[in-house]
Amino acid sequence: MIPSVAPAPADQAVPATAVQPKSGAKAAMTRFGSHRLFTSPGGVAGLVWLAALMAASLTAPLWLPFKTEDQDFTAVLSGPTAAHWLGTDELGRDILSRTFAAAAGTLGTSMITVIVGVGLGTILAMVAAAGGDRTDAIISRATEIMMSLPGTVIILAVIGAVGTNIPVVMAILGVLISAGIFRVILGQAKSLQSQLYVDAAKVDGVSPLGISIRHVLPGLTNTIVVQCALIFAVGMLIQAGLAFIGFGPPIPEPSWGGMIQGASQHVYDAPWLMVPTGAVLALTVLAANAVGNALGKAPNTTASHLPSAAARRQRMKSVKAAVGATASAPIPSQVVSAKGLLSVRNLSVGVDHGVRLVTDISFDVEPGTVLGLVGESGCGKTMTALSLLGLLPSGVSVAGGQILWNGTNLAASTDKDMEGIRGREIALISQEPMRALDPMFTVGYQLTAAIRRLRKVGKSEARKEAFSLLEKVGIVDAQRILKTYPHQISGGMAQRVAIALALSGRPRLLVADEPTTALDVTVQAEILSLLRALVKDTGMSVVMVTHDLGVVADICDQVAVMYAGQVVENGKTAAVLDNPRHPYTLALLAADPHTNAAEDMPERLATISGQVPQPKDWPTGCRFAARCQFAGSACTVPIPLLPSGASDGLVRCVKADELAVEGLEWVATEVPTHRLLEIVEKDLA
Amino acid sequence: MALFITKRLLMALATVLVVAVLAFLLVHAMPGSPGAVSLGAGASQDAIDAVNQRLGWNDPLLAQFFRWLGDAVQGNLGVSLIDGRSVSADLANRLPVTAALAAGATVLSAVLGIGLGVTAAVRGGVVDRAIGGFVGLLVALPAFWIGVIFVYLFAVQASVFPATGYVPFEVSPQDWAMSLALPVLTLAVGGAAFIARQTRASMLEALQQEHIRTLRATATPTWKILYVHALRYASLPIVAGIALQFIGLFGGSVIAEQLFAMPGLGQAVQTSVSTHDAPAVQGVVVIATVVVVAVNLVLELATKFLDPKLRAS
Ligand code: SF4
């Protein structure tokens, strides 16, 4: 068929959000990914085919066995023979010769569509991105109109006016297609335009045009090449379609569409003819698509929260293998009978067949107590927390150790078993309440569905229960909230709803992943006091993931400070905060979260220069060494977690005792300039 | 919502107007004056001039356009230069054919595409790769080629469906359905492939949303997460994709009608362009645009209705 002119196929294959990397900085780095092309077998095969076809076609007069118009009346409509490898058509013309002779024209004129379509689309996108809201709105509106046109019909009308002048027709096709290209490129062009270095360039007095060409265009290269490949394929298909309905090059000049048309007339007496003519066109389109897809395959950074069936089977296997070794390890006797006791033993979490994100973590949570897992982002807190529910994102799984809950090792449990635990025994609340609730369903639906499922009650009872749960989490007009959609309520309200949802199965343990980080300061305090009250009323225990020592001081009985996938210090909250033994704890305290609790991570911890190392860069020695003000030669060997001397606390630092004796303090350092820039950026935004 | 609908209606109207102007200009750029076209080769220059005079061909362009527009809004698209029949009446007869074709193909490709796409996203692994490869192949195969193959398989080899021709619904509903089967199937193949890709990507994106984790944390059964929550979330982009696909399928009907000898709009475009029948070309372009724009408008409103955020506003 003539594929729809309006939408660019890539737009359909990949939703816009997937095309645009989440972080702007990354988009700038997405330069032309030639390595991606050359490491993809499909992409290489596609390139080879296109190049070979082009070469074969251009040199056709030199090697083709027959001229395209040569008629061999002794072999009309023949199948493949020694003389005619791909057979002959109704006039005895050699199919092989005609196919290859037609290739150069087809490929060449399709390039016209590519150049016009992608060129115009890119220019429009760059102008819209650079020109501000008004320009953007005008261009967007115009392209919207173009996309809603019946392109095929218009192209035919154009043919009516200009005749079958293929280059002109293909150029006009390009204009029609450019609207779709514009849509694909616009988002990325905008994000590039708004980037820091582009702003910097603006300050330096580079003209807007200069910015677009020097800074925006290079960032778009990959997308543009992908679109070129895909539009090339579309161009060929449309051109063939036009030739098929009689608007091709003048007879007797061969064209792929015309040859298929000819073959279709003989589908009764010579069906073979359909094969070579269709196959060459299909292969060429496939080749162009393969090149585009190989380049366009953006590494998917966001993991699925519900892995596919195949991925789940795979994970089950690897978990069994990893945990199998430790599963036989004796379960500590005091754990076996204790109800509501969580005991994590030597837990490791890692990327499947890759690095470890969390190594050898142990902690206990007694019933009715709150444990804080504290540290900067990238320390493995969230991974640890999610592993407790068996909700690690795809591609990440428990790589060793035990998660003992009422004496059962959850790390070795199947997803089916975990379904009986989740919600009913261990519940989750997460950082962004808005995102944690399903935007498509009302609060009431989500709450009653969970209650019916987890408490096995009827509809009307579940509704009553939903109402009383909302009241329990401090929502006054519960009746109204039940009818709202998540986007209609505030963040604080949504977090209360999320907590109510977590409580719907009367869990014994609540895993709270930064439950207050995304909220306003006053709301933070309310949510914390709600959680405190719930712990007191229900006797459940809480694992509280946070980067905020203020939250720890406020609500936690025990604290485990995590750094780079390890626990570096733990103990009773009061003991650890009043008498920190690990330099990282010292540094966190020195960063003084209390005074500016509403702000974001990097700023608050700005006094610790440097960043948490990537898991692949973790040294064998102390993982904090690169940023530690007290680091010495003794710190390059693996450091064990040893009793810190303060009650039953543990600390992982060779100099802990020394520091305690000397009473050293963490010296606040200057905020590094690049950080400062980030902060200023954020404030301006 | 009312404002939104008004805005969209105005946009739709603007689109049709733009196309009307475009069609008018294109038709005037066609080689041969109406007189020459309608009288055919061998007519005397005087006779040709007389016809042109009668049709107002030599009037100022603007006057001609507004005359045409005035007639068009009253439902009169002029008469064919070739056979002198009313263009409006002819297109009114043809519209149901193309509408049935495009609607059938859209529905079929939506059903197949969503089925394939969801399966690929949900099953993952080998199934995903197999469907991906299959869909990639379907995208690359031109519909006209597939159509001929279908004719070969279902009409020549096994006489299940008629190879060509169209039976009006009024004559025999059963034969009508049989005559539509192959053209609809032919058009739906490519559409299904595109919708399958769209669906797969949208489902995967839906499954990356954080609320999926909340649903799992509250022990929601997997089937419900997939087919109630994720599919509901993915339904917005999927319906938007189907709307876009309809435009393509409507265009594709030109080929399908040619291939299967269906007396629809597509055939009218093809013949009127080949014969330089100006009023017919102009009329069919405008009517095709009106249909596509109208269907898109409806589907777009449907998408908006699916989104609680927009429904509320
Ligand atoms: S072991 Fe050494 S580098 Fe690590 S925290 Fe202690 S003093 Fe610093």
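Coordinates for the structure precede this section.
Residues numbered from 1 in each chain as written. Chains lettered and ligands numbered in written order. Predicted model: local features only at pLDDT ≥ 70, side-chain atom pairs only at ≥ 80, totals over all residues. Heavy atoms only, no water.

Draft legend 1. Broad picture of the overall build of chain A. Looking only at helices and strands, chain A features 30 helices and 12 strands. Per-residue burial over chain A gives 54% buried out of 685 residues. When contacts within chain A are restricted to residue pairs at least 6 apart in sequence, long-range pairs at least 24 apart make up 70% of them. Total accessible area computed for chain A in this model is approximately 28,000 Å², and 61% of it derives from carbon and sulfur atoms. (Helix = DSSP H or I, 4+ residues; strand = E, 2+ residues; numbered from the N terminus. Buried < 20%, exposed > 50% of the residue type's maximum accessible area, 1.4 Å probe, protein only. Contact = heavy atoms within 4.5 Å. Areas by Shrake-Rupley, 256 points an atom, 1.4 Å probe, with all protein chains shown as cover.)

Draft legend 2. Spotlight on the pattern of salt bridges. All told, the structure shown has 21 salt bridges over all chains when counted by the stated rule. Measuring nitrogen to oxygen at the nearest pair gives 3.1 Å for the salt bridge that ties R216 of chain B to D415 of chain A. One end of the pair, R216 of chain B, is in helix α9 (residues 210-217); the other, D415 of chain A, is in helix α18 (residues 415-421), on a second chain. The class of R216 of chain B is buried, set by a relative accessible area of 5%. With a relative accessible area of 26%, D415 of chain A lands in the partly exposed category. Ionic contacts of the salt-bridge type, sharing partners, join the residues E432 and R435 of chain A together with E210 and R213 of chain B into one network. (Salt bridge = Lys/Arg side-chain N within 4 Å of Asp/Glu carboxyl O.)

Draft legend 3. View of the site of the ligand. As a matter of local geometry, the ligand sits amid H582, P583, C622, A625, C628, F630, A631, C635, C653, V654 and K655 of chain A. When the residues that make up the shell around the ligand are grouped by side-chain class, the tally is nine nonpolar, one polar and one charged. (Near = heavy atom within 4 Å. Nonpolar A, V, L, I, M, F, W, Y, C, P; charged D, E, K, R; others polar.)

Draft legend 4. Looking closely at the environment of T88 of chain A. Within the secondary structure, T88 of chain A sits in the loop between α6 (60-63) and α7 (95-130). Distance from T88 of chain A to A466 of chain A, taken between C-alpha atoms, is 75 Å for residues 378 residues apart in sequence.

Draft legend 5. Examining the sheet that holds strand β2 (residues 356-365) of chain A more closely. Residue and element names in this part refer to chain A. Spatially, the four strands line up as an open sheet ordered β2-β1-β4-β5, and their pairing is antiparallel. Edge positions in the sheet fall to β2 and β5 (408-409), since each has one partner strand and no second. With respect to the sheet, helix α17 (residues 381-389) is in contact with β1 (342-351), β2 and β4 (396-405), its orientation differing from that of β1 by roughly 115°. (Pairing = 2+ DSSP bridges. Axes fitted to C-alpha atoms, helices over the stretch in contact; angles between N-to-C directions.)

Draft legend 6. The arrangement of the interface of chain A and chain B in detail. Counting residues at the interface gives 88 residues for chain A and 87 residues for chain B. On inspection of chain A and its partner chain B, the count reaches three salt bridges. Put simply, chain A and chain B have 18 residue pairs in polar contact (both at pLDDT 80 or more) between them. Counting residues per element, the side of chain A that touches chain B draws most heavily on helix α9 (residues 151-162) of chain A, which supplies nine residues. Residues of the side of chain A that touches chain B, tallied by class, amount to 53 nonpolar, 22 polar and 13 charged. (Polar contact = N/O pair within 3.5 Å; in protein donor to acceptor, adjacent residues only side chain to side chain.)

Draft legend 7. A nonpolar patch on the surface, seen in detail. All names here are of chain A. A cluster of nonpolar side chains, namely F38, V44, L47 and V48, defines an oily patch on the protein surface of about 340 Å² accessible area. Take the nonpolar patch: its biggest share by element is three residues, from helix α5 (residues 41-58). Along the chain, the position of F38 falls in helix α4 (residues 34-39). With a relative accessible area of 55%, F38 lands in the exposed category. (Patch = residues over 30% accessible without salt bridge, like charges linked within 9 Å, V, L, I, M, F, W, Y side chains within 5 Å.)

Draft legend 8. How the structure looks around the packing of aromatic side chains. Evaluated as defined, the whole model comprises 12 aromatic pairs over all chains. A ring pair is formed by Y563 of chain A and F624 of chain A, whose centres lie 4.9 Å apart and whose planes are at 75°; its orientation type is edge-to-face. Residue Y563 of chain A is found in strand β9 (residues 558-563), and its partner F624 of chain A is found in the loop between α28 (601-604) and β11 (642-643); the two are separated by 61 residues along the sequence. For Y563 of chain A, a relative accessible area of 1% translates into the label buried. The exposure class assigned to F624 of chain A is buried, which follows from its relative accessible area of 2%. Their ring planes at 85° and their centres at 4.9 Å tell us that F169 of chain B and W176 of chain B sit as a pair that is edge-to-face. (Phe/Tyr/Trp six-rings, centres within 6.5 Å; stacked < 30°, edge-to-face > 60°.)

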